[in-house]
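# Geometric and topological summary
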Amino acid sequence: MSPPPSPEAQSPAPRSPGAFSKQYTAGSAAILLMLSSLASGVLALIRIKYVNHIWGAGIEQDAYQAAFTLPDLLNYFLIGGAASISVITILNRYREAGDDEGGDRALSVILTTMLVVLGAGVLLGEVFAPQYVWLANKGFRHDPERAALCVSLTRLILPAQLFFFIGSVMSSRLQVRKIFLYQAFTPLIYNTGIIAGAFFLHNRLSDHHGIHSLAWGVLAGVIVGSAFLNSLGAFRTGLRYHPIVGFRDPAFLEWLKLSLPLMIGVSLVMFDGIFLKYFGSIQVGGITLITNAKNLFNAPFNIIGPAAGAASLPFFASLYQRGLAQEFSASVSRSVSRLFAVGMIVSAWMIALAPWLMDLFRGGKFNRADAEAITHLFALLSVTLALWAVQGIYARAFYAASDTKTPAIAGTLITLVSIPIYSGLFHAFGLRGLAIASDIGIFAQTASLAFLLHRKHLVSFADLEFEELARALAAALVAFTATTIATHFLPPVSTHLKEFVTIAVASVVWAAAAAATLFATGSKLPAQILRRR
């Protein structure tokens, strides 16, 4: 283990704060990250449209979508799938104690030591990629073309996890200082990298190898958008990093203790995608269709869910570590209530306009039958938008309280119980059955986290804003009904331009109906959303 850095070796004092060093409140940080997610979501939609146009729902895109499974699992089991969560908890304690030097040393030990571990994991993944692809994709076992293509793409994407980890740890230092601007740019650069890779490289790579342009784009996007950008921000705020490998260092052992339950436990949030791809691989194009529906569902979800969760964690952790138990419970419940309310209203829009929204992605090799298939899947998944959003808040409440064991155990049990549900519903209803199984699973996951937080006297059910939730449900039902009726009075569409017009007009009806219902019932939600605190 290397000794701590001497004063002479320390970095210069941090630069004067500027736009990229601005500190945010919980509300303004959530709004910033939601705006970032909105812009990133638009880029993601462009990416999906472009990729579908070039490759359609076939062998190439099946292989590409399946190639993310092993890298994601490596991230999940070696660094807990959310490295920054445990690091934030540790760094926040140093920050509250006024010991920035100790925090920087802890960061150095955790980052360097885990890069050694993760590097070894990447090497093993490169070697055993063929065996994993065979195991994780049932339909590839008798389809050597899809299997071979998936293996080569997996090997190309695997090293991205090293740079993702660097970015996650560096971002943790920024988050405990309430600096979120660097994090806001990360997904924008990532999506831009994939689009640029496809645009500039797919014609230069022959035959199936054109799909490799996407993997090169993934790698470039993670290196620049995650590792480089967040490292730049961390060093601009005065980070004193020294490469220290210390498997027995107290800082690393503390991080390992917090992260180990996340590493050895499983969560349906992660394994939902694995189950969808495993069964979807049985039919050619199945992975592409179910993944497209999931990714398109994630576009609005990523605006209201992960952004709010990422912004809230440092504030939750600060409240808990200061011993403000009642404020902690009220803050978590308030976030859950607002997010669930917004999720219900947005779900109404997604379900009512699903046929027109999904048809926008028709074109090129992605035909009308493909668009119709993902319409049904998208509508089924959209029912549980609010649940997907708030489960992240409940999970972060546990993490803020330095309890990663409870959600890991609960998640493992829910995931194991869900396996026969996915299998049974897929064999009964095909891809639609998988979407229904996903809805059932996330309901169980979210309900279990809420119950356990209440039982541990961390977050009380009594602090939920039930009256506001009832008003939001009424607004969602009225908005859905009004939007559905409006679409029946609009003329049939035959072009994407006319679909945009239909979506725009119907969206105005949806927004007006939801807003009118909220105001008529005396809801505080509009004011709460606009209030930055």
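Structure: above.
Below you will find a few notes about this structure. (Residues numbered from 1 in each chain as written. Predicted model: local features only at pLDDT ≥ 70, side-chain atom pairs only at ≥ 80, totals over all residues. Heavy atoms only, no water.)

## Quick look at the overall build of the protein chain
Which entries qualify depends on this criterion: By the criteria applied, helices consist of DSSP H or I runs no shorter than four residues and strands consist of E runs no shorter than two, each listed in order from the N terminus. Working definition of accessibility: Shrake-Rupley area with a 1.4 Å probe, residue cover restricted to the visible protein chains.
Across its full length, the protein chain carries 22 helices and zero strands. Surface summary for the protein chain: the accessible area is close to 22000 Å², and the carbon and sulfur share equals 69%.

## Considerations on helix α11 (residues 268–280)
Counted only if it meets this: One less than the number of residues in a helix, times 1.5 Å, gives the span that helix is expected to have. Only protein chains enter the accessibility calculation, which uses a 1.4 Å probe; a residue whose area is less than 20% of its type maximum is buried, one above 50% is exposed, and one in between is partly exposed.
Taking 1.5 Å of rise per residue, the 13 residues of α11 would be expected to cover 18 Å, and the 17 Å separating its terminal C-alpha atoms lies within 8% of that figure. Of all 13 residues making up α11, 10 are buried, and the element is well covered by its neighbours. Those residues of α11 not exposed but buried are L268, M270, F271, D272, I274, F275, L276, K277, F279 and G280.

## Observations concerning unusual backbone geometry
Its identity is not glycine, yet K178 carries a phi of approximately 60°, on the positive side. By the secondary structure assignment, K178 is in the loop between α7 (160–176) and α8 (181–201). Exposure remark for K178: the relative accessible area of 18% places this residue in the buried category. A positive phi angle is found at S402, which is not glycine, with a value near 60°.

## As for the packing of aromatic side chains
For clarity, the threshold we go by: Put simply, two rings from Phe, Tyr or Trp (the six-membered ring, in Trp's case) pair if the centres are within 6.5 Å, and we call them stacked under 30 degrees between planes, edge-to-face over 60, tilted for the rest. As a reminder, the over-ring test applies to NZ of lysine and CZ of arginine, requiring each to be within 6 Å of the ring centre and within 35 degrees of the ring normal.
If you walk through the whole model with that rule in mind, you get 11 aromatic pairs. Seen from their ring centres, Y64 and F68 are 5.1 Å apart, and the 85° between their planes marks the pair as edge-to-face. For the pair formed by Y64 and F68, the shared burial category is buried. A network of ring pairs unites the aromatic residues F247, F252 and W255 as a single cluster. One residue, R93, lies across the ring of Y94, its end atom 5.2 Å from the ring centre. For R141, the ring lying beneath its charged end belongs to W134, and the centroid distance is 4.4 Å.

## Overview of the nonpolar core
As a reminder, the rule being used: The set of buried Ala, Val, Leu, Ile, Met, Phe, Trp, Tyr and Cys residues whose side-chain atoms join them within 4.5 Å is what this entry labels a nonpolar core. Residue contacts are defined here by distance: any two heavy atoms, one from each residue, within 4.5 Å place the two residues in contact.
Counting 145 residues, the largest nonpolar core has F328, V332 and I345 as its most contacted members. Ranked by residue count, the leading element in this core is helix α17 (residues 385–400), at 13 residues. In this view, F328 contacts F316, L319, Y320, A397, A400, L458 and V459; residues no more than four positions away in its chain are not counted. Ranked by size, the runner-up nonpolar core spans six residues in total, among them L33, F180, L181 and A184.

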